[in-house]
Amino acid sequence: MSRVQLALNVSNLQEAVAFYGKLFQTSPAKIRDGYANFAIAEPPLKLVLFENAPAAGTLNHLGVEVEDSAEVVAATRRLDAEGLPTKVEDQVACCHALQDKVWVSGADTQWEVYTVLADAPEAGAGCRCADGEVCCGVPSG
């Protein structure tokens, strides 16, 4: 099953986890220092929260979580065929998980199509965002 990912910056992770737990009637799938995610069944959504007080209330990035690496490869081929600029990242540690992914930028935002290969205890250095922004709780730039 594929699902859309919505990654948000929040000022207080504990409060945000409590709010979204009640809103979607589910518990977080993963909580780490400055990071949490929910795998919501209905509506199908991967909600990711980054504790980032200066950017609270803003979008961090968007994504589509897919079942396996073959779907990431298929998405890459499709996006390339459409003439969109892509950046492939295989076996990258990001958002406390080992992932295969492809990034595409356009219409003033970034999207990732990704699959989670395994859990990772650390946020990882593979998170991609604009200089000075925080992705996976890790400042860039």
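Check the entry above for the structure.
## Details of the pairing of strand β6 (residues 86–94)
Stage number 1. Here β6 pairs with strand β7 (residues 97–106) via 7 bridges, running antiparallel. Along β7, the bridge assignment pairs Val92 with Gln99.
Stage number 2. In sequence, β6 turns back onto β7 through a hairpin of 2 residues, with Cys95 there showing a positive phi of about 55°.

## Structural notes on the layout of surface pockets
Stage number 1. As a volume, the largest pocket reaches approximately 150 Å³.
Stage number 2. Together, 14 residues line the largest pocket, and Tyr35, Asn37, Lys46, Cys95 and Val116 are the ones closest to its centre.
Stage number 3. At the level of secondary structure, the elements contributing two or more residues to the lining of the largest pocket comprise β3 (35–40), β4 (45–51), β7 and β8 (109–119).
Stage number 4. Here the residues of the lining of the largest pocket are counted per class, giving 7 nonpolar, 3 polar and 4 charged.

## Looking at the sheet that holds β6
Stage number 1. Pairing is mixed across the open sheet formed by 8 strands, whose spatial order is β2-β3-β4-β1-β5-β8-β7-β6. In this open sheet, the two edge strands, each paired with only one partner strand, are β2 (30–32) and β6. For this sheet, the mean angle separating the axes of adjacent strands, direction not counted, is 20°.
Stage number 2. Across 6 bridges, strand β1 (residues 3–10) lies against strand β5 (residues 59–65) in antiparallel orientation. Within β5, the position partnered with Arg3 by the bridge is Glu65.
Stage number 3. Most of the contacts of helix α1 (residues 13–24) go to β4, to which it runs at about 160°, and overall it touches β1, β2, β3 and β4.
Stage number 4. Seen against the sheet, helix α2 (residues 69–81) touches β6, β7 and β8 and runs at an angle of roughly 15° to β7.

## Some remarks on α2
Stage number 1. Under the 1.5 Å per step criterion, the end-to-end length of α2 is 18 Å for 13 residues, consistent within 8% with the ideal 18 Å.
Stage number 2. Of all the positions in α2, only Val72, Ala75, Thr76 and Leu79 are classed as buried. Seen end-on, α2 carries its buried residues on one side only, within an arc spanning 105°. Along α2, the residues that are exposed and aim more than 90 degrees away from the buried face are Ala70, Arg77, Arg78 and Ala81.
Stage number 3. Where α2 begins, the side chain of Asp68 points an oxygen toward the backbone nitrogen of Ala70, at a separation of 3.2 Å.

Rules used in this analysis
Residues numbered from 1 in each chain as written. Predicted model: local features only at pLDDT ≥ 70, side-chain atom pairs only at ≥ 80, totals over all residues. Heavy atoms only, no water. Pairing = 2+ DSSP bridges. Helix = DSSP H or I, 4+ residues; strand = E, 2+ residues; numbered from the N terminus. 1 Å grid on protein atoms, 1.4 Å probe; cavity = no way out; pocket = protein on both sides within 12 Å on 5 of 7 lines; lining within 4 Å. Points joined across faces, edges and corners; volume = space filled by probe spheres on them. Nonpolar A, V, L, I, M, F, W, Y, C, P; charged D, E, K, R; others polar. Axes fitted to C-alpha atoms, helices over the stretch in contact; angles between N-to-C directions. Contact = heavy atoms within 4.5 Å. Expected span 1.5 Å × (residues − 1). Buried < 20%, exposed > 50% of the residue type's maximum accessible area, 1.4 Å probe, protein only. Arc of directions from axis to C-beta. Polar contact = N/O pair within 3.5 Å; in protein donor to acceptor, adjacent residues only side chain to side chain.

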